[in-house]
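These are the residues of each chain, in order.
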Amino acid sequence: MLKKIIILDFGSQTTQLIGRRLRELNEYCEILPYNKFPEDTHNIKGVILSGSPYSVYDPIAFKADLSLIRGKFPVLGICYGAQLMAYTSNGIVESAGSREYGRANLSFINNDDLLMKDIQAGSQIWMSHGDSITKIPENFNKIASTIDVELAAYKVKGEKTWGVQFHPEVFHTLDGTLLLENFLNICGCTRNWSPASFVESTVAELKKQLGKDKVVLGLSGGVDSSVAAVLLHRAIGKNLTCIFVDHGLLRKNEFENVMKDYEHLGLNVIGVNVKDRFYSALAGVSDPEKKRKIIGSGFIDVFDEEAHKIKDVKWLAQGTIYPDIIESLSITGTVIKSHHNVGGLPEKMHLKLCEPLRLLFKDEVRRVGTELGMMHHLIKRQPFPGPGLAVRILGDITAEKVRILQEADDIFISGLREWNLYDKVWQAGVILLPVQSVGVMGDERTYENAVALRAVTSTDAMTADWAQLPYEFLAKMSNEIINKVKGVNRVVYDISSKPPATIEWE
């Protein structure tokens, strides 16, 4: 069984980032709710305690039984995790008076400490906490300070236990990766997690799990479902059948292009064109949540109908990835949001669920796709919402509105590719606004639609910034859309970041 680091999540916004950093160091790790430490511990190499939005002395603060881990495994507490260990050992944690947030520099480091190996005084770190440890227990040793924070890091005597009040996982802690690498070395990690090892072990596991059973998978054309399909195809070949539903809300020519790509990959794919069925169901519906539900329900019905045409199917495969799993659970283990690509299908179809990518982050999925020999444009395809253009048409859906948006979107996305900007943007698209404005074309006044261009940069979609695309590019896109897309006479650019805005408009 694979050796791993366990990250106990106390509710920090950067818990996933800790996991990403360890995976980047080729170390396998799993993120679990703070109160769900595994009973089977023989393959655990070390434990990291995350930050939290709470104070350790808050009555509703998340508390864990640290006796299960301290002294038994190497432990690293980050921010709240460090404070919790000090507080529960009779140290003192107090409000800092004002939140300590932003860059700081280490003014003192014990270079003999294994966690601080090769990190020098003056190294920049990132603070984000409202409390501070003001007194450590007698069996704790200070190993790092800043000008404002006396106890920036500590080591527990007689244990492989450390705590840091800064965040090594964030970009602004310049030696953060080195600190985490030092911790992995303390844990004796072999750091053999790689796309190649994942493909090898996962294909073997899928062969054992599925045997000669038949599997059906819903393809979206996106990275996750495509990589899942290729991985399954390598394991079970012709026993995998993929279904690609065209609900009429895909990008221009996407259905035909994606079907060609899947044919190139050797996948057995059934393409289903049901545009009219979805347009009819969506007629007159403007509420975004209602649109999502209609599309989701319609997809389930179509998928179920097609899957039942295949005999003896026992498994439903999905391209669910690790952030979906993490975000689907609160840190108390309660399901708060479903991220299943085809949510509701396993129950409706009475099938067993297979999710070969459920422990991968998005960037790892792309690395696995490269390892599998998939085409660059499939692996680097930007995220696209499940309901498709329905959530980029504000208001009700009509075939004409879809046409307008597809034409404008095609010009924008093609332009990003031509200007070598596509791979520099996390996600991009056009939104058709429920706004008409006066314009002038030739000698005539027009009263037509406005569209908004949206492009963001991000690493995981949890936060995003608007992409600062060249003015010359935006000017050309505006000119082309207005001149070539009948029904549009105004183009605007969305410069909102997430938060407070979201990437999509609906």
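Below is a summary of the structure that appears in this document.

How each quantity is defined
- Residues numbered from 1 in each chain as written.
- Predicted model: local features only at pLDDT ≥ 70, side-chain atom pairs only at ≥ 80, totals over all residues.
- Heavy atoms only, no water.
- Helix = DSSP H or I, 4+ residues; strand = E, 2+ residues; numbered from the N terminus.
- Buried < 20%, exposed > 50% of the residue type's maximum accessible area, 1.4 Å probe, protein only.
- Areas by Shrake-Rupley, 256 points an atom, 1.4 Å probe, with all protein chains shown as cover.
- Lys, Arg positive; Asp, Glu negative; His and termini not counted.
- Charge placed at Lys NZ, Arg CZ, Asp CG, Glu CD.
- Arc of directions from axis to C-beta.
- Contact = heavy atoms within 4.5 Å.
- Right-handed = clockwise from strand over helix to strand, strands pointing away.
- Polar contact = N/O pair within 3.5 Å; in protein donor to acceptor, adjacent residues only side chain to side chain.
- Axes fitted to C-alpha atoms, helices over the stretch in contact; angles between N-to-C directions.
- Left-handed = near helix turned anticlockwise from the far one by under 90°.
- Nonpolar A, V, L, I, M, F, W, Y, C, P; charged D, E, K, R; others polar.
- Salt bridge = Lys/Arg side-chain N within 4 Å of Asp/Glu carboxyl O.
- Expected span 1.5 Å × (residues − 1).

Looking now at the overall build of the protein chain. The helix and strand tally for the protein chain stands at 14 helices and 18 strands. For the protein chain, buried positions account for 57% of its 506 residues. For the protein chain, the computed accessible surface area is about 22900 Å², with 50% contributed by carbon and sulfur atoms. Side-chain charges of the protein chain comprise 58 positive and 62 negative groups, with the mean position of each set lying 3 Å from the other.

A few words on helix α6 (residues 254-264). Considered for burial, the residues of α6 that qualify are E254, F255, V258, D261 and Y262. Down the axis of α6, the smallest arc covering the buried residues is 125°, so these residues share one side. Of the exposed residues in α6, the ones pointing more than 90 degrees away from its buried face are K260, E263 and H264. Considering only its buried residues, α6 is in contact with β10 (214-219), α5 (223-236), β11 (240-246), β12 (269-273) and α12 (376-379). Count one or two residues on from α6 and you reach G266, which has phi positive near 80°.

Moving on, we get to the pairing of β10. Of all 6 residues in β10, 5 are buried; the element is thus mostly enclosed. A crossover connection joins β10 to the parallel β11 through α5; in handedness this β-α-β unit is right-handed.

Moving on, we get to the environment of I270. Topologically, I270 is positioned in strand β12. Relative accessible area serves as the criterion here: at 26%, I270 is assigned to the partly exposed category. Between the C-alpha atoms of I270 and K212, which are 58 residues apart in sequence, the distance is 20 Å. Every residue in contact with I270, bar those within four places of it in the chain, is listed here: T241, C242, I243, F244, E306 and I310.

This paragraph deals with the side chain of R454. Along the polypeptide, R454 turns up in strand β16 (residues 444-457). A relative accessible area of 3% places R454 in the buried class. Of note is the side chain of R454, whose polar atom sits 2.8 Å from the backbone oxygen of T502. The contact partners of R454, leaving out residues within four places of it in the chain, are F412, Q427, A428, G429, I431, W466, D494, S496, A501, T502, I503 and W505.

Right, let's talk about the packing of helix α7 (residues 275-282) against helix α8 (residues 288-307) for a bit. For any two helices packed against each other, the geometry comes down to the angle between their axes and how far apart the axes lie. Interaxial distance between α7 and α8 falls to 10 Å at its minimum, and their mutual angle equals 145°. The element α7 and its partner α8 pack so that their crossing is right-handed. Contacts between α7 and α8 involve R277, F278, A281 and L282 from the former and K291, I294, I295, G298, F299, D301, V302 and E305 from the latter. Classifying every residue of the contact of α7 with α8 by side-chain character gives 7 nonpolar, 1 polar and 4 charged.

What follows is about the pattern of salt bridges. Enumeration over the complete set of coordinates arrives at 22 salt bridges. Linking E159 and R70 is a salt bridge whose minimum nitrogen-to-oxygen distance equals 3.1 Å. With a gap of 89 residues between them, E159 in the loop between β8 (153-156) and β9 (161-164) and R70 in the loop between β3 (44-49) and β4 (75-78) connect regions that are remote in the sequence. Residues E159 and R70 agree in their burial class; the two are buried. Here the salt bridges share partners, and the residues they tie into one network are K476, E480 and K484.

Over its 16 residues, helix α4 (residues 195-210) runs 22 Å from end to end, which matches the ideal 22 Å to within 8%, given 1.5 Å per residue. Within the span of α4, buried status applies to P195, F198, V199, T202, V203, L206 and L210. Angular distribution of buried residues about the axis of α4 spans 120°; they occupy a single face of the element. In this structure, α4 carries E200, E205 and K208 as exposed residues pointing more than 90 degrees from its buried face. Looking at the buried positions of α4, the neighbouring elements they touch are β10, α5, β13 (313-317), β14 (352-354) and α11 (362-371). Positive phi appears at G211, one or two residues downstream of α4, with a value of about 55°.

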